[in-house]
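Understanding the architecture of this molecule
Listed below, chain by chain, are the residues.
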Amino acid sequence: MDYDVRKTGWSSTLCGCTAGSLLVAMLDYLGIDGADAYGTSMGGRLAQQLAARHPHRVRALGIGCTSPGGPHGIGRDSVVIRSLVQHEGGAARQGPF
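The structure reproduced in this document is the subject of the present report. (Residues numbered from 1 in each chain as written. Predicted model: local features only at pLDDT ≥ 70, side-chain atom pairs only at ≥ 80, totals over all residues. Heavy atoms only, no water.)

This part takes up the pairing of strand S1 (residues 35-40). Burial along S1 is one-sided: Ala35, Ala37 and Gly39 are buried, and none of Asp36, Tyr38 and Thr40, which face the opposite way, are. Relative to strand S2 (residues 58-64), S1 runs parallel, the two sharing 6 bridges. Residue pairing across strands places Ala35 opposite Val58, the latter belonging to S2. For the segment spanning S1, helix H2 (residues 42-53) and S2, crossover handedness is right-handed. (Buried < 20%, exposed > 50% of the residue type's maximum accessible area, 1.4 Å probe, protein only. Helix = DSSP H or I, 4+ residues; strand = E, 2+ residues; numbered from the N terminus. Pairing = 2+ DSSP bridges. Right-handed = clockwise from strand over helix to strand, strands pointing away.)

Quick look at the structure:
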């Protein structure tokens, strides 16, 4: 199953529920008791939240390019941030990493 977080991709706002609770509701609707969860970036945060709040529903967890966010998140180094926002000739500047 490929999941669009509310108001991204092809999805729209369906309710006032959180993305995590909506994902669990989708699993319930589809009759899926347990699934392998993978997420990249914001999807990685969602996959981590799913595994932390509903561990019995997650058989395996894979995440990429993500952090837990909130008080446990680690911010990007200022050099990395500058390299992401500075442009030279229309392309993002390569950082020293």
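Picking up after the structure, the text goes on.
A separate point is the nonpolar core. In terms of nonpolar packing, the biggest core is built from 8 residues, these being Leu23, Val24, Ala37, Leu46, Ala47, Leu50, Ala51 and Val58. Broken down by secondary-structure element, the contributors of at least two residues to this core are helix H1 (19-30) and H2. Ranked by residue count, the leading element in this core is H2, at 4 residues. With residues near it in sequence (within four places) discarded, Ala47 still touches Ala37, Tyr38, Gly39, Leu61 and Ile63. (Core = buried A, V, L, I, M, F, W, Y, C linked by side-chain atoms within 4.5 Å. Contact = heavy atoms within 4.5 Å.)

Purely geometric stuff here, so don't read any function into it on its own.
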